[in-house]
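Residue-level structure breakdown
The primary structure of each chain is shown beneath.
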Protein chains: 2
Amino acid sequence: MKQYHPASIQEIRLKDCFFSNRIRTNNDVTLPANVRKCRETGRVDAFRLNWKPGMPNQPHIFWDSDFAKVIEGMSLSLMLYPDPEREKELDEFVDLILSAQQKDGYLNTHFTVVEPEKRWKNLSSAHELYCAGHLMEAAVAHYKATGKRKFVDCMARYADYIAEVFGRNPGQKRGYPGHQEIELALCKLAEVTGNRKYSDLAAYFINERGQSPNYFETVEHAGSENNQADRPIREMQKLRGHSVRALYYLSGAADVAAKTGDSSLFEACERLWNNVVNQNMYITGGVGSSCDGEAFTTDYNLPNDTAYAESCASIALVLFADRMLNLTGDSRYADVMETALYNGAISGLSLDGDKFFYANPLENDDQMFEHGQQRRKRQPWFDCSCCPTNYCRFLPQIAAFACSVSDDCLAINIPAASSGNVTLKNGFLQFELSGSYPYDGAGTLKIQEASGECSIALRIPGWCRDWAISLNGESVSAVPEKGYVRMRHAWKKGDCIEWNFEMPVRVLHANPRVSADIGRAAILRGPLVYALESVDNSVPLELIRLKKGTAFSLKPATDLPEGTLAISGNAMIQADTDQLYFEGELALSPGRFTAIPSALWQNRGDSSMRIWIPEAE
Amino acid sequence: MKQYHPASIQEIRLKDCFFSNRIRTNNDVTLPANVRKCRETGRVDAFRLNWKPGMPNQPHIFWDSDFAKVIEGMSLSLMLYPDPEREKELDEFVDLILSAQQKDGYLNTHFTVVEPEKRWKNLSSAHELYCAGHLMEAAVAHYKATGKRKFVDCMARYADYIAEVFGRNPGQKRGYPGHQEIELALCKLAEVTGNRKYSDLAAYFINERGQSPNYFETVEHAGSENNQADRPIREMQKLRGHSVRALYYLSGAADVAAKTGDSSLFEACERLWNNVVNQNMYITGGVGSSCDGEAFTTDYNLPNDTAYAESCASIALVLFADRMLNLTGDSRYADVMETALYNGAISGLSLDGDKFFYANPLENDDQMFEHGQQRRKRQPWFDCSCCPTNYCRFLPQIAAFACSVSDDCLAINIPAASSGNVTLKNGFLQFELSGSYPYDGAGTLKIQEASGECSIALRIPGWCRDWAISLNGESVSAVPEKGYVRMRHAWKKGDCIEWNFEMPVRVLHANPRVSADIGRAAILRGPLVYALESVDNSVPLELIRLKKGTAFSLKPATDLPEGTLAISGNAMIQADTDQLYFEGELALSPGRFTAIPSALWQNRGDSSMRIWIPEAE
């Protein structure tokens, strides 16, 4: 069933103006800051298993997952930036984790030292299998980065034990995780160990979830709706409940579908994908609109100011999109993946790398800071620090989303500048991809070395209406298939693909059911969703109306990374008033506005921000 | 300092088409339903003080206040609809309450049987003085309704005891209530007992609140912001925190200012009033926009869909407005009082009298019912049932807001049809006030009996631009003072005042800082805020745009109380789409809309509703 797999992050080295510096900053700032926080808060020492009642820093049920994501991030970043000291620190951490494994294979700090009697007793809300999943992902990354098997072997023993505890055989628990994640981790473990048992366990967790009698309701007397356990996945028409759980769940389901060829599972993934992207996704790729349960609510309920749109949820959407893209080779998945990558999934991370949003509102009034709305400022850490630690491991992976590989095809999903060195079944391609994406739609791919005949497939972005591609100076007239223009060739040094994706400023409107967006427009260019930020505009944002039909101009953004383009255009400025409610209308007078890429807001001090801009004639 | 006092509810008997039937329904349906709920939930039996650990229905910290409000409502309603059986039931309830009083005067079910060791230990959040306040209000109403002193005497003993416990003398606690309410209740108790000691205690609670060292923070290690104890009232620039506490607080402060003539306290009331009505009030008179802390947030943060606007908060705004109106005689307070009365304070009560909103959103999408949003359907009861029980006592009081009385003036604040029989210092006025207010601005006041020379002052509603008044057929040309036209006369039978307040449909806009209302308009007529409800409109509400400059027409509303007028006008109907985001614009085609008084929505089944309507050319 599967068409592609992601390129490895060693095969594609990003050199672009949007992500490459941030991936470096993740290595240099974000990872050390998160390591420090894990040490300070007790998340590292928890693995020494010497906590006793009455001592500070009682290991929390989700701590293992935070540290695991940092370990995963350290490992992945080590693949990009070899560093003997970092590797030594990493190995010490891994040894510490290994030392916490119990004889039966179990490995969880909270349920070893705090509540040992509750092991596997509170699956619905105690994050036990979730922590196991993140440890497995960390182990796989550690193995790939260092070639050392000890962590993977340790997690395979843990997975063996879990496979004994859970399942449909007599004496086994018919449970599944309260917070999905282990499903996709088990598929990774199956891949590096070559042991299908682990992906079978993932399939069990996915297929058993929500079956009757309901495990959470009957065994644990807990709810099942917020974690998608109220019905089997194949019977779900809409994606509801906790957004991160939901999208990790679907990512794992897509992995299992890819491994097993299970078409009913794939169809469930596709149906729920459609429900997310056609009815429940912010224009930024943010998902999960409500802080109440960190959840999807109802179709088209997408408020801007109170948007939750958790950073982890957009990251999870990227993971799900990447899997669907590689399963199908269909660029509609890449379109959403790209939107989330350049907007909702990256907005939670400060440019300097050590401050994080948990929630990503699409509108902010700086008055709200007064109201203790700390969620509107990026913070160094949270008690529940899933988002900061998720960035640690997400940033180094970004190159893998840019390109996909099949036996005989390299697919350029996102034409970000990079050096490539990709091995296919039939040969290899070494190339330089240049350009200023996402700020310029023109780019070039130059082959430096190659062998064998294969295809290079270039995605025509969903936002692009006019484009041209040439190969060695000759126009390529192929009709895109599933959104990709495929060029088959016996590639050799000096071959050159050039393209231009026309990148005009676009004005988008929302479905009228999205009440918050009525009478408003969003400004986009290429994959970037723009936002007004108060620091760029002399007029208070609440008085700025986007002049309908305005022309736009581009200019370098102020105090943002080199290459960042701001957009200016004509505005109508509403007259101000002291009245709260009044008859008649306020006058409008001509003015200008400046917008910046929305993910970069709140990097120049506290500010007001607005993505959906009210329009005026 | 004080100019007026409210008319008694026996002096003004409403006969209008908006409130009078609902006051009757309160007597016949709402009160019995609430009595039944109080019995079923254990709120009545709690006063038997025989609860023991392990038994069901453990008396909750706020239960006494719920039952007290029902008792107050029964008493007030008895003044309007004498009923020996009701009086017998009421007396039994009162005897039961009296039987729960302790030897030292203390009276609280929770802290007598559940946590006796915690008496006065958790003022900041345990509602102990709040419950005392509501019991005092109930006692005053019972005395006024029956002439029986036993309940007032009991509560005076309780107040005597409280005055021993709290104060600035050595050995006393320098505390104050976590949930303000007792301040205004003590002023009522002072009035019926003639004992100034009780209003002095109210003054102590108000003046001590927020002083350094902060009682809640230093003694109880609790927060002080959400209940306005973070600074003294005279230093508050903005009203923040829990909206009901805030407005009961200000009502009590206004009472104390009226009694003491304390101008700095009055100025604080006025300053905070201005902050509420000029920056923090929904167009309906709803207040407290956030469910988080049931609280005021920041100026202009007035979302429609997630509006909390608790029923109790609008009722409290009416109580505060009424006090400021009677203190000053200034109609700007009556304007807000009227807005809340006809809109935000009554919307929480179903027309059939036994279902209640806790929160009063200004916009609802019926899809949200699917999402378990029970707050969008009126409910028979809540675990925290402050709102239903508040309606029990609020409805019978409404006539008292309609007219104010001074030594020699009757002020008509709201010209709702009624029979009046008002005693002034210098004589009396018996009259019939007729008309179809709030659906028609024309009205007549005919004197039936009178003695003495005095003034009748008629308020020119703040919403009214064109008006005419005549006395015995001759045009009255007096210029309004503080919004009232004052007619001094030796009134005699047959005298007749006629007026016409032109009542065109008005289209209002909101301050541009209210992000949710940008590009939208609200439709009002007279004091009524109108709303689109899906049951009256064949087109989905999200597609309806108010046509700018449309003419409006009136027609009887469908399936709503007789006399209710709906408003129709031209709309532009937006074409529908399946796309979530799209380039270009959707076509608009002409159509019609129908709007009803917003407080009457959700009386004809589940529906979508929208007060702020997007406009189109």
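My aim in this report is to walk through the structure given alongside it, one point at a time.

About the criteria used
- Residues numbered from 1 in each chain as written.
- Chains lettered and ligands numbered in written order.
- Predicted model: local features only at pLDDT ≥ 70, side-chain atom pairs only at ≥ 80, totals over all residues.
- Heavy atoms only, no water.
- Helix = DSSP H or I, 4+ residues; strand = E, 2+ residues; numbered from the N terminus.
- Buried < 20%, exposed > 50% of the residue type's maximum accessible area, 1.4 Å probe, protein only.
- Polar contact = N/O pair within 3.5 Å; in protein donor to acceptor, adjacent residues only side chain to side chain.
- Contact = heavy atoms within 4.5 Å.
- Salt bridge = Lys/Arg side-chain N within 4 Å of Asp/Glu carboxyl O.
- 1 Å grid on protein atoms, 1.4 Å probe; cavity = no way out; pocket = protein on both sides within 12 Å on 5 of 7 lines; lining within 4 Å.
- Points joined across faces, edges and corners; volume = space filled by probe spheres on them.
- Nonpolar A, V, L, I, M, F, W, Y, C, P; charged D, E, K, R; others polar.
- Buried area = accessible area lost by both parts, 1.4 Å probe.
- Pairing = 2+ DSSP bridges.
- Axes fitted to C-alpha atoms, helices over the stretch in contact; angles between N-to-C directions.
- Parallel < 35°, antiparallel > 145°, perpendicular 65-115°, else oblique.
- Left-handed = near helix turned anticlockwise from the far one by under 90°.
- Least-squares fit on C-alpha atoms with pLDDT ≥ 70 in both.
- Expected span 1.5 Å × (residues − 1).
- Phe/Tyr/Trp six-rings, centres within 6.5 Å; stacked < 30°, edge-to-face > 60°.

Notes on the side chain of T328 of chain B
Residue and element names in this part refer to chain B.
- You can see T328 is positioned in helix 12 (residues 311–328).
- The class for T328 is buried, based on a relative accessible area of 13%.
- For T328, the side chain forms a polar contact with the main-chain nitrogen of D330, separated by 3.0 Å.
- Residues in contact with T328, not counting those within four places in the same chain, are Q3, F266, Y333 and K482.

Regarding the pattern of salt bridges
- This model, assessed by the stated rule, comprises 96 salt bridges over all chains.
- One salt bridge in this structure joins R488 of chain A and E453 of chain A, with 3.2 Å as the shortest N-O distance. Of this pair, R488 of chain A sits in strand 14 (residues 484–490) while E453 of chain A sits in strand 11 (residues 453–459); the two residues are 35 residues apart in sequence, bridging distant segments of the chain.
- Judged by its relative accessible area of 43%, R488 of chain A is partly exposed.
- In this structure, R48 of chain B and D45 of chain B form a salt bridge, with 2.8 Å as the shortest nitrogen-oxygen distance.
- Assessed through its relative accessible area of 39%, D45 of chain B is described here as partly exposed.
- It is possible to trace a salt-bridge network through shared partners that takes in E72, E137, K188 and R393 of chain A.

Brief notes about empty space enclosed by the protein
- In total, this model carries five cavities of 30 Å³ or more according to the counting rule given.
- Looking at the largest cavity, its volume works out to about 80 Å³.
- As for the largest cavity, its lining consists of T284, N343, G344, S347, N360, P361, L362, S598, A599, W601, M609 and I611 of chain B.
- Each residue belonging to the lining of the largest cavity can be placed in one class, and the counts come to six nonpolar, six polar and no charged.
- Roughly 70 Å³ of volume is contained in the second largest cavity.
- Lining the second largest cavity, in full, are T284, N343, G344, S347, N360, P361, L362, S598, W601, M609 and I611 of chain A.
- Class assignment of the residues belonging to the lining of the second largest cavity gives a composition of five nonpolar, six polar and no charged.

Focus: the interface of chain A and chain B
- Listed as interface residues are 56 residues of chain A and, on the opposing side, 56 residues of chain B.
- For the pair chain A and chain B, the summed buried surface comes to about 4,300 Å²; carbon and sulfur atoms form 48% of the total.
- Here chain A is connected to chain B by 10 salt bridges.
- K548 of chain B is the partner of E585 of chain A in a salt bridge, and the nearest nitrogen-oxygen pair spans 3.4 Å.
- On the surface where chain A and chain B come into contact, there are 26 residue pairs in polar contact (both at pLDDT 80 or more).
- Within the residue set of the side of chain A that touches chain B, elements represented by two or more residues are helix 11 (263–279), helix 14 (367–370), strand 16 (505–510) and strand 22 (581–583) of chain A.
- Class assignment for the residues of the side of chain A that touches chain B results in 23 nonpolar, 15 polar and 18 charged.
- Inspection of the sheet shows strand 16 of chain A paired to strand 22 (residues 581–583) of chain B by three bridges, in the antiparallel sense. Directly across from L508 of chain A, in strand 22 of chain B, lies its bridge partner E583 of chain B.

Section: the packing of helix 3 (residues 84–99) of chain B against helix 6 (residues 150–165) of chain B
Residue and element names in this part refer to chain B.
- At a closest axis distance of 10 Å, the pairing of helix 3 and helix 6 adopts a crossing angle of 25 degrees. Judged by the angle between their axes, helix 3 and helix 6 are roughly parallel. Taken as a pair, helix 3 and helix 6 cross one another with a handedness that is left-handed. Contacts from D91, V94, D95, I97 and L98 of helix 3 reach helix 6 at K150, F151 and C154.
- Grouping the amino acids of the contact of helix 3 with helix 6 by side-chain chemistry returns five nonpolar, no polar and three charged.

A few points about the sheet that holds strand 8 (residues 418–424) of chain B
Residues and elements named next belong to chain B.
- Spatially, the seven strands line up as an open sheet ordered 2-8-9-10-15-12-13, and their pairing is antiparallel. The open sheet terminates on both sides in strands that have one partner only, identified here as strand 2 (12–14) and strand 13 (474–475).
- Pairing geometry for strand 10 (residues 442–451) and strand 15 (residues 496–501), over five bridges, is antiparallel. Bridge assignment links A442 to a residue of strand 15, and that residue is N500.

A look at the relation of the copies chain A and chain B
- Aligned on chain B, chain A shows an RMSD of 0.0 Å; the corresponding rotation is 180 degrees and the shift along the axis is 0.0 Å. Expressed as an axis order, the relation between the two copies is that of a two-fold axis. Taking C-alpha positions as reference, the residue of chain A nearest the rotation axis is G519 of chain A, located at 3.2 Å.
- The overlap is high: 100% of the interface residues of chain A also sit at the interface in chain B, so the same surface is used on both sides.

Some thoughts on the packing of helix 1 (residues 20–41) of chain B against helix 2 (residues 63–80) of chain B
All names here are of chain B.
- Close contact between helix 1 and helix 2 brings their axes to 10 Å; oriented N to C, the two are set at 150 degrees. With respect to helix 2, the element helix 1 is oriented roughly antiparallel. Crossing of helix 1 against helix 2: the hand is left-handed. Within the contact between the two elements, helix 1 uses I23, N26, N27, L31, N34, V35, C38 and T41 and helix 2 uses W63, F67, V70, G73, M74, S77 and L80.

Some details on unusual backbone geometry
- Following Y437 of chain A, the chain continues to P438 of chain A via a peptide bond in cis, the omega torsion being 10 degrees.
- Tracing the backbone shows P438 of chain A in the loop between strand 9 (427–435) and strand 10 (442–451).
- Backbone torsion omega between S212 of chain B and P213 of chain B reads -10 degrees, so that peptide bond is classified as cis.
- Its place among the elements puts P213 of chain B in the loop between helix 8 (196–208) and helix 9 (215–219).
- Of note, A309 of chain B is a non-glycine position whose phi angle comes to about 45 degrees, a positive value.
- Mapped onto the elements, A309 of chain B comes out in the loop between strand 4 (295–296) and helix 12.
- Among the residues examined, A309 of chain B registers a relative accessible area of 1% and is labelled buried.

Points about helix 13 (residues 331–342) of chain B
All names here are of chain B.
- Between its first and last C-alpha atoms helix 13 spans 16 Å; for 12 residues at 1.5 Å apiece the expected length is 16 Å, and the two agree.
- Looking at helix 13, one finds that the buried residues are S331, Y333, A334, V336, M337, E338, T339, A340, L341 and Y342.
- Two or three places before R332, at the start of helix 13, stands the capping residue D330, its side-chain oxygen 3.0 Å from that residue's backbone nitrogen.

Concerning the pairing of strand 15 of chain B
- The pairing of strand 12 (residues 467–471) of chain B with strand 15 of chain B spans five bridges and is classified as antiparallel. Bridge pairing links A468 of chain B to N500 of chain B in strand 15 of chain B.

Examining the packing of aromatic side chains
All names here are of chain B.
- Tallied over the entire structure, the rule returns 55 aromatic pairs over all chains.
- An angle of 40 degrees between the planes, with centres 5.9 Å apart, marks the rings of F394 and F401 as tilted.
- Exposure remark for F394: the relative accessible area of 1% places this residue in the buried category.
- Accessibility expressed as a relative area gives 2% for F401, which makes it buried.
- Where Y437 meets W463, the ring centres are 6.5 Å apart and the plane angle is 25 degrees; that geometry is what we call stacked. Of this pair, Y437 sits in the loop between strand 9 (427–435) and strand 10 while W463 sits in the loop between strand 11 (453–459) and strand 12, placing them 26 residues apart in sequence.

Quick notes on the pairing of strand 10 of chain A
All names here are of chain A.
- Across eight bridges, the pairing between strand 9 and strand 10 is antiparallel. Of the residues in strand 10, the one forming a bridge with F428 is S451.
- Linking two consecutive strands that pair antiparallel, namely strand 9 and strand 10, is a turn of six residues.

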